[in-house]
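The primary structure of each chain is shown beneath.
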Amino acid sequence: FTGLSFLIRNAAKATSRGVEVELVARPTESLTIDANYGYLQAEYDEFAGNPSVVGLQFAGLPKSTGSVGLQYAAPVSGTLRLYGRLDTIYYGSSYTKPNATTTLNFGGSTTFNARLGLESSNGRWGAYLWSKNFGDKRIVGSGSVFPFPRAVITTGSGALGRTWGLELRKSF
């Protein structure tokens, strides 16, 4: 952003390499454990419009991400099943570089989600209480810089804090 207009530029050359690993274990009929980890090395090799980003990780993409989840589903009667799930999600540090002179860095974050409910044993309906980011972790996930002639305005957008809800589900 120049103060009067937006500039759109493409990287001339970039290299991207990564790996993702997913594991799922079911130690009992009622308990499932899952985990994943992703590593991404994505760098700008040439960038004519903004050479200050050459050699940097792609803006907005962390090198590391991961999650671990525990899920429990067990019958409580002949027609009802108890369902519960806990997740932790990790998103590594990233940055945005809206122009050649400014870099906005965002630290990594770990959030926790939960879900608890009852569902029919045939899977036709369910009722659940859920919470996302129940630890209420405050995260700044993006930002912009607006260079005006007499001032520079820097903005940051936060991800949602704690959210919760009730979900009712019916399959027809």
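Description of the structure in this document. (Residues numbered from 1 in each chain as written. Predicted model: local features only at pLDDT ≥ 70, side-chain atom pairs only at ≥ 80, totals over all residues. Heavy atoms only, no water.)

### With respect to the environment of Ala25
Here is step 1 of the chain: With respect to the helices and strands, the residue Ala25 is situated in strand β1 (residues 13-25).
Here is step 2 of the chain: According to the relative accessible area criterion, Ala25 is partly exposed, its value standing at 37%.
Here is step 3 of the chain: Along the sequence, Ala25 and Leu70 sit 45 residues apart, while their C-alpha atoms lie 9.8 Å from each other.
Here is step 4 of the chain: Beyond its immediate stretch of four places on either side in the chain, Ala25 contacts Leu31, Thr32 and Ile33. (Helix = DSSP H or I, 4+ residues; strand = E, 2+ residues; numbered from the N terminus. Buried < 20%, exposed > 50% of the residue type's maximum accessible area, 1.4 Å probe, protein only. Contact = heavy atoms within 4.5 Å.)

### Considering the pattern of salt bridges
When charged atoms on two side chains of opposite charge get close, those side chains can pair.
Here is step 1 of the chain: Taken as a whole, this structure holds 5 salt bridges when the rule is applied.
Here is step 2 of the chain: Asp34 serves as the salt-bridge partner of Arg85, at 3.0 Å between the closest nitrogen and oxygen. Of this pair, Arg85 sits in strand β4 (residues 80-91) while Asp34 sits in strand β2 (residues 31-46); the two residues are 51 residues apart in sequence, bridging distant segments of the chain. Taken individually, Arg85 and Asp34 each receive the classification buried, so the pair is uniform in this respect.
Here is step 3 of the chain: The partner of Glu167 in a salt bridge is Arg115, and the shortest N-O contact between them spans 3.0 Å. Placement of the pair is Glu167 in strand β11 (residues 163-170) and Arg115 in strand β7 (residues 109-120), with a sequence separation of 52 residues.
Here is step 4 of the chain: According to the relative accessible area criterion, Glu167 is partly exposed, its value standing at 27%.
Here is step 5 of the chain: In this structure Arg115 comes out as partly exposed when scored by relative accessible area, which is 23%. (Salt bridge = Lys/Arg side-chain N within 4 Å of Asp/Glu carboxyl O.)

### So, a nonpolar patch on the surface
Here is step 1 of the chain: Side chains of Val19, Val21, Leu23, Tyr37 and Tyr39 sit close together on the surface and give an oily, nonpolar patch of about 450 Å² of accessible area.
Here is step 2 of the chain: Counting residues per element, the ones that place at least two in the nonpolar patch are β1 and β2.
Here is step 3 of the chain: Here the element with the most residues in the nonpolar patch is β1; it accounts for 3 residues.
Here is step 4 of the chain: Checked against the element boundaries, Val21 lands in strand β1.
Here is step 5 of the chain: Overall, Val21 belongs to the partly exposed group, its relative accessible area being 41%. (Patch = residues over 30% accessible without salt bridge, like charges linked within 9 Å, V, L, I, M, F, W, Y side chains within 5 Å. Areas by Shrake-Rupley, 256 points an atom, 1.4 Å probe, with all protein chains shown as cover.)

### Considering the packing of aromatic side chains
Here is step 1 of the chain: Going through the model one piece at a time under the given rule, you end up with 4 aromatic pairs.
Here is step 2 of the chain: Aromatic pair Tyr44 and Phe47: ring centres 5.3 Å apart, planes at 80°, arrangement edge-to-face. Summarising the burial analysis for this pair, Tyr44 and Phe47 share the class buried.
Here is step 3 of the chain: Each member of the aromatic cluster is reached from another via a ring pair, and the members are Tyr44, Phe47 and Phe58.
Here is step 4 of the chain: Directly above the aromatic system of Tyr128 lies the positively charged group of Arg115, at a separation of 4.3 Å from the ring centroid. (Phe/Tyr/Trp six-rings, centres within 6.5 Å; stacked < 30°, edge-to-face > 60°. Lys NZ or Arg CZ within 6 Å of the ring centre and 35° of its normal.)

### A short note on the pairing of β7
Side chains on a regular strand alternate between the two faces of the sheet.
Here is step 1 of the chain: As judged from the 12 bridges shared by β4 and β7, these two strands associate in the antiparallel manner. Each bridged residue has a counterpart across the sheet, and for Tyr90 the counterpart in β7 is Thr110.
Here is step 2 of the chain: As paired elements, β7 and strand β8 (residues 125-132) share 6 bridges and run antiparallel to each other. Counterpart to Leu116 in the pairing with β8 is Leu129. (Pairing = 2+ DSSP bridges.)

### Comments concerning the sheet that holds β11
Here is step 1 of the chain: Pairing is antiparallel across the open sheet formed by 7 strands, whose spatial order is β1-β2-β3-β4-β7-β8-β11. Each end of this open sheet is capped by a strand with a single partner; those strands are β1 and β11. The average undirected angle you get between the axes of adjacent strands in this sheet is 15°. (Axes fitted to C-alpha atoms, helices over the stretch in contact; angles between N-to-C directions.)

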